[in-house]
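Topology and contacts: notes
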Amino acid sequence: MRSDAMEEIASPVNRNLHNNNISTIEDNAFRDLTNINRLRLDNNRISSIKNITISGLTNLRELRIQDNPFHCDCELIGLVDFLKSGRVTVSGDPRCFTPENLNGASLVSLSAANLTCPDTTTMDTTTMDTTSMDTTTMDTTTMDTTTDETNSSPLKEGNVLVIVYLFLCLLVKSMMDF
């Protein structure tokens, strides 16, 4: 949803945006709509809502965000804190969809300790020995790209790092061939 999508609404009180296949809400989407008191965003495809998106809704009293595939990591801490603040009534029971270890966990039961993000790791390519790398026999059969009902993401945890590592190895090898 674009940040200016709601500017045309003059006097909102209840906003029903459920069942609209919304996947992204920009930070300032509700910027000028301070008089919303009930907001329904349930049953969409929203995986994250930043606190700044809803913190300006000073008259908000009820929020419905259940039935969205929330990705529960450090990016959701602000929303979880907002929900737990008691400032709004949370209708329904919004739950985590990913990561797998939090699948089905209620957002209002989470703490900041549960909402972690993977550390950003840097790889020192200057010490990587690529002279013995045989790119014609690189084995990528260990990458599981199947999906199941509990996780619709084709990339399982850790496979992204494998892909990045393989890409970097090929890149370094091709640079050394020049």
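Everything below is about the structure printed above this text.
1. Some remarks on the environment of R95
Relative to the helices and strands, R95 is located in the loop between β5 (89–91) and β6 (96–98). In this structure R95 comes out as partly exposed when scored by relative accessible area, which is 38%. Excluding residues within four positions of it along the chain, R95 makes contact with N68, F70, G104, A105, S106 and L107. Polar contacts involving the side chain of R95 include one to the side chain of D93, which spans 2.6 Å. From its side chain, R95 meets the backbone oxygen of G104 in a polar contact 2.4 Å long.

2. A closer look at the environment of F82
Mapped onto the elements, F82 comes out in helix α2 (residues 77–84). For F82, a relative accessible area of 6% gives the class buried.

3. A short note on α2
L79, V80, F82 and L83 are the residues of α2 that are buried. Relative to the axis of α2, the buried residues are bounded by an arc of 160° and lie together on one face. On the buried face of α2, the contacting elements are α1 (51–55), β3 (62–64), β4 (70–71) and β5. In the segment just after α2, G86 is the residue with positive phi, at about 85°.

4. Some points on the side chain of E62
Take E62: it is sitting in strand β3. In terms of polar contacts, E62 uses its side chain to reach the side chain of R38, at 2.9 Å. Those residues in contact with E62 that lie beyond four places of it in its chain are N37, R38, L39, T89 and S91.

5. Digging into the pattern of salt bridges
For the coordinates displayed, the defined rule picks out 6 salt bridges. Taking the shortest distance from any N to any O, the salt bridge between D27 and K50 comes out at 3.9 Å. One end of the pair, D27, is in the loop between β1 (14–16) and β2 (38–40); the other, K50, is in the loop between β2 and α1, and 23 residues separate them in sequence. A relative accessible area of 30% places D27 in the partly exposed class. The partly exposed category is assigned to K50, whose relative accessible area is 40%. Through salt bridges with shared partners, a single network forms among R38, E62 and R64.

6. What to know about the state of the cysteines
Evaluated as defined, the whole model comprises 2 disulfides. Each sulfur of the disulfide joining C72 and C96 lies 2.0 Å from the other. Across the S-S bond linking C72 and C96, the dihedral sits near -100°, which makes this disulfide left-handed. Of this pair, C72 sits in the loop between β4 and α2 while C96 sits in strand β6, placing them 24 residues apart in sequence. In this pair, the class of C72 matches that of C96, namely buried. What pairs with C74 in a disulfide is C117, and their sulfur atoms sit 1.8 Å apart. Disulfide C74-C117: torsion about the S-S bond near -95°, hence left-handed. Highlighted residues: C74 in the loop between β4 and α2 and C117 in the loop between β6 and α3 (159–177), separated in sequence by 43 residues. Residue classification places C117 among the partly exposed positions, given a relative accessible area of 27%. Counting only the cysteines that take part in disulfides, in the order they occur along the chain, gives the pairing 1-3, 2-4.

Rules used throughout
- Residues numbered from 1 in each chain as written.
- Predicted model: local features only at pLDDT ≥ 70, side-chain atom pairs only at ≥ 80, totals over all residues.
- Heavy atoms only, no water.
- Helix = DSSP H or I, 4+ residues; strand = E, 2+ residues; numbered from the N terminus.
- Buried < 20%, exposed > 50% of the residue type's maximum accessible area, 1.4 Å probe, protein only.
- Contact = heavy atoms within 4.5 Å.
- Polar contact = N/O pair within 3.5 Å; in protein donor to acceptor, adjacent residues only side chain to side chain.
- Arc of directions from axis to C-beta.
- Salt bridge = Lys/Arg side-chain N within 4 Å of Asp/Glu carboxyl O.
- Disulfide = S-S within 2.5 Å.

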